[in-house]
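Overview (structure and organization)
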Amino acid sequence: MALATFLKINPADSVVVCLQPKKKGDVIEIDGKQITVNQDTPAGHKILIKDVREGEDIIKYGYPIGHARQDLKSGDWVNENNLKTNLSGTLEYSYQPVNQPLNIKKENRTFKGYVRKNGDVGVRNEIWIVPTVGCVNGIAERLVSQLKAETKEEGIDAIWAWHHNFGCSQLSGDHENTRKILRDICLHPNAGGVLVLSLGCENNQPDEFMKMLGDYDKDRIRLLVTQKVEGDEVEAGMQILRELYAQAQNDVRQELPVSKLRVGLKCGGSDGFSGITANPLVGEFSDWLVAQGGTSILTEVPEMFGAETILMNRCETTELFNQTVSMINNFKEYFLAHGEPVGENPSPGNKAGGISTLEDKALGCTQKCGKAPVSGVMEYGDRLEHTGLNLLSAPGNDLVAATALASAGCHIVLFTTGRGTPFGTFVPTMKIATNPTLAANKPHWVDFSAGQLVEGRTMQELVPEFIDKVLAVASGEHARNEANGYREISIFKNGVTL
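Since the structure is predicted, the reported quantities are computational estimates derived from the model, not experimental observations. (Residues numbered from 1 in each chain as written. Predicted model: local features only at pLDDT ≥ 70, side-chain atom pairs only at ≥ 80, totals over all residues. Heavy atoms only, no water.)

A look at the packing of helix α5 (residues 278–291) against helix α12 (residues 459–474)
- At a minimum axis separation of 10 Å, α5 and α12 run at an interaxial angle of 65°. It follows from the interaxial angle that α5 and α12 lie roughly perpendicular. Crossing of α5 against α12: the hand is right-handed. Facing α5, whose interface residues are Pro280, Leu281, Val282, Glu284, Phe285 and Trp288, α12 presents Met459, Leu462, Val463, Phe466, Ile467, Val470 and Leu471.
- Across the contact of α5 with α12, the residue classes tally to twelve nonpolar, no polar and one charged. (Axes fitted to C-alpha atoms, helices over the stretch in contact; angles between N-to-C directions. Helix = DSSP H or I, 4+ residues; strand = E, 2+ residues; numbered from the N terminus. Parallel < 35°, antiparallel > 145°, perpendicular 65-115°, else oblique. Left-handed = near helix turned anticlockwise from the far one by under 90°. Contact = heavy atoms within 4.5 Å. Nonpolar A, V, L, I, M, F, W, Y, C, P; charged D, E, K, R; others polar.)

Re α12
- Over its 16 residues, α12 runs 22 Å from end to end, which matches the ideal 22 Å to within 8%, given 1.5 Å per residue.
- Along α12, the residues that are buried comprise Leu462, Val463, Phe466, Ile467, Val470, Leu471, Val473 and Ala474. The buried residues of α12 all sit within an arc of 165° when viewed along its axis, so they share a single face.
- The secondary structure elements touched by the buried residues of α12 are β10 (110–115), α5, β21 (412–417), β22 (429–433) and β23 (448–449).
- Of the residues flanking the end of α12, it is Gly476, one or two places downstream, whose phi is positive at about 125°. (Expected span 1.5 Å × (residues − 1). Buried < 20%, exposed > 50% of the residue type's maximum accessible area, 1.4 Å probe, protein only. Arc of directions from axis to C-beta.)

What to know about the packing of aromatic side chains
- As enumerated under the stated definition, the model contains 16 aromatic pairs in all.
- On the numbers, 5.7 Å between centres and 65° between planes, the contact of Tyr380 with Phe492 is edge-to-face. Placement of the pair is Tyr380 in the loop between β19 (374–378) and β20 (388–392) and Phe492 in the segment after α13 (480–484), with a sequence separation of 112 residues.
- Taking relative accessible area as the criterion, Tyr380 reaches 7% and is therefore assigned buried.
- Since its relative accessible area comes to 15%, Phe492 is described here as buried. (Phe/Tyr/Trp six-rings, centres within 6.5 Å; stacked < 30°, edge-to-face > 60°.)

Points about the sheet that holds strand β17 (residues 262–267)
- Read across the open sheet, the seven strands follow the order β19-β20-β18-β17-β21-β22-β23; overall the sheet is parallel. Strands at the two margins of the open sheet, each flanked by one partner only, are β19 and β23.
- For β21 and β22, the ladder comprises five bridges, and the chain directions are parallel. Note that in β22 the partner of Val413 across the bridge is Thr429.
- Helix α7 (residues 318–337) rests against β19 and β20 of the sheet, and its axis sits at about 40° to β19. (Pairing = 2+ DSSP bridges.)

Some details on a nonpolar patch on the surface
- A cluster of nonpolar side chains, Leu171, Val496 and Leu498, forms an exposed patch at the surface whose accessible area comes to about 300 Å².
- Relative to the helices and strands, Val496 resides in the segment after α13.
- Given the relative accessible area of 54%, Val496 is considered exposed. (Patch = residues over 30% accessible without salt bridge, like charges linked within 9 Å, V, L, I, M, F, W, Y side chains within 5 Å. Areas by Shrake-Rupley, 256 points an atom, 1.4 Å probe, with all protein chains shown as cover. Salt bridge = Lys/Arg side-chain N within 4 Å of Asp/Glu carboxyl O.)

Thoughts on helix α10 (residues 398–408)
- Among the eleven residues of α10, ten are classified as buried, and the element is accordingly described as predominantly covered.
- Along α10, the residues classified as buried are Leu399, Val400, Ala401, Ala402, Thr403, Ala404, Leu405, Ala406, Ser407 and Ala408.
- On its buried side, α10 packs onto α2 (172–186), β17, β18 (295–298), β19, β20 and β21.
- Immediately downstream of α10, the backbone of Gly409 shows phi near 125°, a positive value.

Let's talk about the sheet that holds strand β6 (residues 57–60)
- Ordered by their spatial adjacency, three strands build an open sheet running β6-β7-β9, and the pairing between neighbours is antiparallel. Only two strands of the sheet have a single neighbouring strand rather than two, namely β6 and β9 (83–84).
- As paired elements, strand β7 (residues 63–68) and β9 share two bridges and run antiparallel to each other. Looking at β9, one finds that Ala68 is bridged to Leu83.
- Of the strands in this sheet, β6 and β7 touch helix α9 (residues 358–365), which is tilted by about 165° from β7.

In structure tokens:
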């Protein structure tokens, strides 16, 4: 059977998406009509299947993705030059709850993870150095190098220092954001041992910071204030690290129910295939995990604009609906307060890949969270309290958002991409390619190709394979970013630097 060369996503759509490039003069048959393509149109991009007048909405995924800048003809290539966003400022919303049962059976699946002293579980057993301030980044790196040389990382998954430039010269909200993210990293169960490395005179005062950790495991999380060390702070740090390492070496993986797994949902370098391959695949996984009693988190608030009502109406309660409204409007006000328009989000790479407006991007982006009800709404830096699907306030920036997901407690981040990206945050960051070209060109970046969906594979075939892959990574198989050694953090900054 010949493979489809275009796709109409929703019966109400006024565009189709090209699964292969189309040439001017090509003819496509849709809804009983033959339409002649008016311009060369790349794969992932949209072709209009009905005439529209200037100002009229163009429909994709069954929703408006903007309006026509001028009169357009059936067969025209629809892109950022002739399509304009409908988004502007904050809005008022009404709660119209939608209940969509998942109807997914429990499978009693497991993964092999580590049980921590407080009962939390992790999918890695690593030694981490967490600087309280950027001034000690160099010391942290030296300690990592020396510990790796001494131990050869035997019996430990990895040794890392989480560099950042903050911890001092920050005020109010930025200072608290830094402290909360660093706290969350220290408490993350993917670490078997943590050295909190301080200078001593920074705004992020070490004793006050350690109080933020609450009732933590003092055998596994240790503090070193370098200004208080008489003599060589590196040797003092190594003594602590050797003790942490010896303890963590005794930790062993054990079979754990998949209900303990927490995953973050993220996309970056999206293209016109994102909303029809990788994002729906991840959405199927998210629904499956939630049905097993597990947890997923969707973030990138600016990339919800234009699709936010879909999420709002899936909230389990009026309180969650109101929290989601606040999350959306607060982020819009953040843009407006800086003199930036709400709707100018798609990057040059997004546009080249076939995404023309923020609504176009958002309606594809939000498919990563499937159809499950929203059971929790979190502020930036918050730690998970609810199982099921959660929404997290964070920007769209890849590393900032991925760090926020991991900090919230996610064991793994599932990252869909159509353009490709090598990075990873401080937990395994799996890349799911939206198209077969990317998967073929960058196999050393890509963990799984959802592009198989345009090569004849079905979602029904692919979902079990993807579940197996995620559980394999949870059980210790390296994600590509880990194999490449690409791991870092980034903390959201809004205000003044002193």
